[in-house]
Protein chains: 2
Amino acid sequence: MRTISENRCFGGVQGVYAHASSATNCEMTFGLFLPAEAEIAPVPVLWYLSGLTCTHENAMTKAGAQKWAAEAGIALVFPDTSPRGTDVPDDPAYDLGQGAGFYVNATQDPWAQHYQMWDYIAEDLPRLLDTTFPIDPERQSICGHSMGGHGALTLAMRLPGRYRSVSAFAPIAHPTASDWGRKHFLNYLGAEESGWAGHDATLLMRERGFDGEVLVDQGTTDPFVNALMPEALAEAMCARRQPGAVRMQKGYDHSYFMISTFMPDHVSFHAEALWA
Amino acid sequence: MRTISENRCFGGVQGVYAHASSATNCEMTFGLFLPAEAEIAPVPVLWYLSGLTCTHENAMTKAGAQKWAAEAGIALVFPDTSPRGTDVPDDPAYDLGQGAGFYVNATQDPWAQHYQMWDYIAEDLPRLLDTTFPIDPERQSICGHSMGGHGALTLAMRLPGRYRSVSAFAPIAHPTASDWGRKHFLNYLGAEESGWAGHDATLLMRERGFDGEVLVDQGTTDPFVNALMPEALAEAMCARRQPGAVRMQKGYDHSYFMISTFMPDHVSFHAEALWA
């Protein structure tokens, strides 16, 4: 692992680090915010998974999360959204290839060799964090935006006991039924749709739910809302009697201005679970 | 109108009054909380519609709303849930007849002569309040529990401009598809189901929505949740991009202990709209 940068931030440190990932077979970059409390003892951690086109940097610079995490004494991890590099397959479209890993393990060529983002988030990066930084692996929660909301929800439901709470900003909520999802599953996972169900938050909510609280915020005037399908996830959550909330936020869109507005609520939501 | 009781309460007055209603053709009793501010100028008002078996008294004594309404400078109205009296038709079942008006205007015998609860809440009682108490008719909001949540949601959507915000505790959310609803509509409105749609919050949400914010709280372990069908309303709200929130509250049931727990949130929610 190498340190790219470390900056003082709200009494703690906002770092950026790179490491060789065995999951993605390439160098991966991530951001990590450690609050002041981490100098004394391991702290809880909140994962933030970003959306299409993002790197580790977008949320780190635009979501305004460090302020609230510092107050709550919680670390923040900002992983990248895909493998990167000139040797890593890509696609001219903004929503496929680099910047669009979709938090799955690709089984199809040319993606399979590097696009193992599920394993990267679920196993590879956690292992590095656990052994390198003062983070308490027993106290983890996860959130994300758009494609990252999809990632957060699916990881949380399929790794019971790993995360204490999960939240999402404008998640891709039902990707097996949406253009944001079907394209990726077809390319990364192949045409057999039965293999897609484990990566659909609505289907997972119907099938198993989450053993904790779920918070979802969605802007009512998000230009991508038809592809996000919050109504499918809301129906599944309520039908399952899943503890949590779906909030339709009037006049908000899909941008980081929406995320930064509701970030205080999300950090508070997770802090309640992490410090319980 | 006659005064049944007036008690000092959180710096204001909790009154109980009776009046002859032209809508229900009988004497009706209601509770009214006026905060201290009402001694100086007209105040905004929050309607609270109660559920099956309740009178004007249940929420007035058990919901704990006066404390929060006093802080917000808001009046509270607690209407009864049906016409009352020995001359008023009734039914041995807890969920039909007296205590179960369902906030509709009955068209069927023997109910039609007195069971005009829609008109009572929408026209008759507001007229009395406007002319008798220091309440500002331009600043009204509405909430309710169970059958009263159904009433609040349907009144709010069908009287656009009347209420600035609407909220519900464990509402009967889709009564045309539930035993809590079909029985009442059949008895009060007759067998022609097309006439029921205007009294179903989910169908109204799909068709027109509400011009303001909607807040719904539902306990995950409410023993009546299968009859309440929050999933249908949640799906309709999100599909419509209706500003608002549906919250599934872990471990809460259908009682006033649930209502009193979330009452502060609901009063704050309405206060924001009423004082905007």
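Up top is the structure.
Residues numbered from 1 in each chain as written. Chains lettered and ligands numbered in written order. Predicted model: local features only at pLDDT ≥ 70, side-chain atom pairs only at ≥ 80, totals over all residues. Heavy atoms only, no water.

Student: Even after reading the chapter, I still don't get the state of the cysteines, so can you show me in this structure?
Tutor: Working definition: the covalent bond between the sulfur atoms of two cysteines is a disulfide. Residues and elements named next belong to chain A. If you walk through the whole model with that rule in mind, you get zero disulfides over all chains. With no disulfide of its own, C143 lies 13 Å from the sulfur of C54, the closest cysteine sulfur. A relative accessible area of 1% places C143 in the buried class. (Disulfide = S-S within 2.5 Å. Buried < 20%, exposed > 50% of the residue type's maximum accessible area, 1.4 Å probe, protein only.)

Student: Can you help me understand the pattern of salt bridges in this one?
Tutor: Close approach of charged atoms allows side chains with opposite charge to pair. Evaluation of the coordinates by the stated rule reveals 24 salt bridges over all chains. Residues E27 of chain B and R2 of chain B are paired through a salt bridge, measuring 2.8 Å at the closest nitrogen-oxygen approach. Of this pair, E27 of chain B sits in strand β3 (residues 26–34) while R2 of chain B is found in strand β1 (residues 2–9), placing the two residues 25 residues apart along the sequence. With relative accessibility at 41%, the residue E27 of chain B sits in the partly exposed group. Several salt bridges share partner residues, and in doing so they unite D217, R247 and D265 of chain A into one network. (Salt bridge = Lys/Arg side-chain N within 4 Å of Asp/Glu carboxyl O. Helix = DSSP H or I, 4+ residues; strand = E, 2+ residues; numbered from the N terminus.)

Student: Could you clarify how one ought to interpret the interface of chain B and chain A in this entry?
Tutor: Interfaces are often sized by the amount of accessible area the parts lose when they come together. Contacts between the two partners involve 19 residues from chain B, matched on the other side by 19 residues from chain A. Between chain B and chain A the total buried area reaches about 1,800 Å² when both faces are included, carbon and sulfur atoms providing 62% of it. Taken as a group, E231, R241 and M248 of chain B account for 37% of the area that chain B buries against chain A, more than any other trio of residues on that side. At the junction of chain B with chain A, the criterion picks out two salt bridges. The partner of R241 of chain A in a salt bridge is E231 of chain B, and the shortest N-O contact between them spans 2.9 Å. Across the chain B-chain A interface, the total number found is seven residue pairs in polar contact (both at pLDDT 80 or more). (Contact = heavy atoms within 4.5 Å. Buried area = accessible area lost by both parts, 1.4 Å probe. Polar contact = N/O pair within 3.5 Å; in protein donor to acceptor, adjacent residues only side chain to side chain.)

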